[in-house]
Amino acid sequence: FIRYSIVLTPEGSNSRPVEVAFRELSGIAVNNDGDLYVTDAGLNTVNKLVRNVPRSVSIVGGGNKTVTAGQIAAEPLRVRVAGSAGAGVPGVTVRVTSLPSGALIHNQIGTSDTSGTATFQMRAGSRTGEVALQVTVSGLTPASTTVTVF
């Protein structure tokens, strides 16, 4: 039999091409989300190759903590960008803002790593009390948490 293959190059700077092999390639279609459907008549199958576009952002560590005024938090704020395939999405720009402005985050803009996680060191200012943090990714519903400075 003739072996067909498709080489996909995922988005993101650290992504590697993926080869998918088929016995008897008989059709290809793409849906509105960019997912690829490939039919293989030799194996009597339809394969769905999901384009892992960003769908959600969530806080996975460092939220709802207390930090001493003027100090770096023991645990950094960690956020995860998840895609339509359920896996983390690398190479996504993540922005963190604190209210009151500038009260907590050291790096306000980061990029998700190969696991879809972005990490931000938190240094508390001199103002004590509750600080609201909002995590945003363009086009997604923001995530939020609070940190108490004492």
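> Can you tell me about the side chain of T145, naming the residues and giving the values?
With respect to the helices, strands and loops of the structure, T145 is situated in strand β13 (residues 143–149). Under the relative-accessibility criterion, T145 is labelled buried at 8%. In terms of polar contacts, T145 uses its side chain to reach the backbone amide nitrogen of N64, at 3.1 Å. Every residue in contact with T145, bar those within four places of it in the chain, is listed here: I59, G63, N64, L77, V131, A132 and L133.

> So, the environment of T45: which residues are in play, and what are the values?
Along the chain, T45 falls in strand β5 (residues 45–49). On a C-alpha basis, the gap between T45 and F22 in space is 9.7 Å, while along the polypeptide they are 23 residues apart. Setting aside anything within four residues of it in sequence, one finds T45 in contact with V38, T39 and D40. Only 3.5 Å separates the side chain of T45 from the side chain of N47, close enough to count as a polar contact.

> Which residues make up the nonpolar core, and what values do they have?
Ranked by size, the top nonpolar core spans 25 residues in total, and within it L77 and L133 carry the most contacts. For this core, the secondary-structure elements that each account for two or more residues are β8 (77–83), β9 (93–99), β11 (117–120), β12 (129–136) and β13. Setting aside its immediate chain neighbours within four residues, L133 contacts L77, V96, T97, S98, L104, I105, M122, A143, S144, T145 and V147. By size, the runner-up hydrophobic cluster in this structure holds five residues, among which are V20, F22, V38 and L49.

Rules and cut-offs
Residues numbered from 1 in each chain as written. Predicted model: local features only at pLDDT ≥ 70, side-chain atom pairs only at ≥ 80, totals over all residues. Heavy atoms only, no water. Helix = DSSP H or I, 4+ residues; strand = E, 2+ residues; numbered from the N terminus. Buried < 20%, exposed > 50% of the residue type's maximum accessible area, 1.4 Å probe, protein only. Polar contact = N/O pair within 3.5 Å; in protein donor to acceptor, adjacent residues only side chain to side chain. Contact = heavy atoms within 4.5 Å. Core = buried A, V, L, I, M, F, W, Y, C linked by side-chain atoms within 4.5 Å.

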